[in-house]
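Report on the structure
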Amino acid sequence: MSENHAAHTHTHGGGDGEETAGWMTAAKMLQDAAPITVPEGASAMTIQVDWEPGDPGTPPHRHSGPAFGYVIEGAVRFELEGEPERVVEAGGTFWEPGGDAIHYQDGNALTDAPTRFVVTMMCAPGKPMLELVDEEELARRKHLRAPRPTA
């Protein structure tokens, strides 16, 4: 028996056979984000986003607290300030710290199929879930954006 399997095995009293309890093996770690800062008094909301093929997604924006996402179907083009653009495929996760960081992209990376993801966001009291970033601020912070892919 592998070490990992042994850690998730539960013996039911009296017998010499082992059974694995379903609740001990049902959960699978998808993402572990640290450190995170949650605004005091924050609320949490979970939303589902459905993008049609090729949809560029939300314009550059930020969230007042951390956000954690899971791609259900398709592929998300994800870009956070200071990080290179990447594609997160179905079954993959993403997260962002919130606060001042700009989230540049969250659109559908596929031109021939829809994309669906869920995201749970921690929202600071009295702040909107999402705040768009204007062109002036984007220009001021251009040096913080990772180099753009060429092609």
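Right, let's walk through the structure included here. (Residues numbered from 1 in each chain as written. Predicted model: local features only at pLDDT ≥ 70, side-chain atom pairs only at ≥ 80, totals over all residues. Heavy atoms only, no water.)

1. Thoughts on the overall build of the chain
What counts, and what does not: By the criteria applied, helices consist of DSSP H or I runs no shorter than four residues and strands consist of E runs no shorter than two, each listed in order from the N terminus. Only protein chains enter the calculation, and the probe is 1.4 Å; a residue is then buried if its accessible area is under 20% of its type maximum, exposed if over 50%, and partly exposed in between. Only heavy atoms matter for contacts: two residues are in contact if any of them lie within 4.5 Å across the pair.
When helices and strands are tallied, the chain shows 3 helices and 9 strands. Helices (α) and strands (β) of the chain occur, in sequence order from the N terminus, as α-α-β-β-β-β-β-β-β-β-β-α. Out of the 151 residues belonging to the chain, those deemed buried represent 33%. Within the chain, contacts between residues at least 6 apart in sequence are counted, and of these 72% link residues at least 24 apart.

2. Overview of the sheet that holds strand 1 (residues 43–51)
We apply this condition: Any two strands with at least two DSSP bridges between them are considered paired. Lines fitted to C-alpha atoms define the axes here, with helix axes fitted over just the stretch in contact, and angles between the N-to-C directions of these axes take values from 0 to 180 degrees.
If you walk across this open sheet you meet the 4 strands as 1-8-3-6, and the pairing is antiparallel. Both outer strands of the open sheet, strand 1 and strand 6 (93–96), are each paired with one neighbouring strand and no more. Neighbouring strand axes in the sheet, compared pairwise and without regard to direction, differ in orientation by 20 degrees on average. The pairing of strand 3 (residues 67–73) with strand 8 (residues 115–123) spans 6 bridges and is classified as antiparallel. In the strand pairing of strand 8, Tyr70 is matched with Val118.

3. Some words on the pairing of strand 8
Burial along strand 8 is one-sided: Thr115, Phe117, Val119, Met121 and Cys123 are buried, and none of Arg116, Val118, Thr120 and Met122, which face the opposite way, are. Relative to strand 8, strand 1 is paired through 9 bridges, and the arrangement is antiparallel. Counterpart to Met45 in the pairing with strand 8 is Met121.

4. Comments concerning the packing of aromatic side chains
Definition in use: Side-chain rings of Phe, Tyr and Trp (the six-membered ring for Trp) are treated as a pair once their centres are within 6.5 Å; stacked means planes under 30 degrees apart, edge-to-face means over 60, and tilted covers the remaining angles. Two conditions define a charge located above a ring, namely a distance within 6 Å from the ring centre to NZ of Lys or CZ of Arg, and an angle within 35 degrees of the ring normal.
Here the structure, examined in full by the defined rule, presents 3 aromatic pairs. Centre to centre, the rings of Phe94 and Phe117 are 5.5 Å apart; their planes meet at 75 degrees, and the pair counts as edge-to-face. Linking Phe94 in strand 6 with Phe117 in strand 8, this pair joins segments that are 23 residues apart in sequence. The burial state of Phe94 is the same as that of Phe117; both residues are buried. One aromatic cluster in this structure is built from Phe78, Phe94 and Phe117. The side chain of Arg145 reaches across the aromatic face of Tyr104, ending 4.0 Å from its centre.

5. Quick look at the environment of Arg148
By secondary structure assignment, the location of Arg148 is in the segment after helix 3 (135–140). Owing to a relative accessible area of 39%, Arg148 belongs among the partly exposed residues under this scheme. Sequence-wise, Arg148 and Pro84 are 64 residues apart; in three dimensions their C-alpha atoms are separated by 7.4 Å. When sequence neighbours within four positions are dropped, the list of residues in contact with Arg148 reads Glu79, Glu85 and Gln105.

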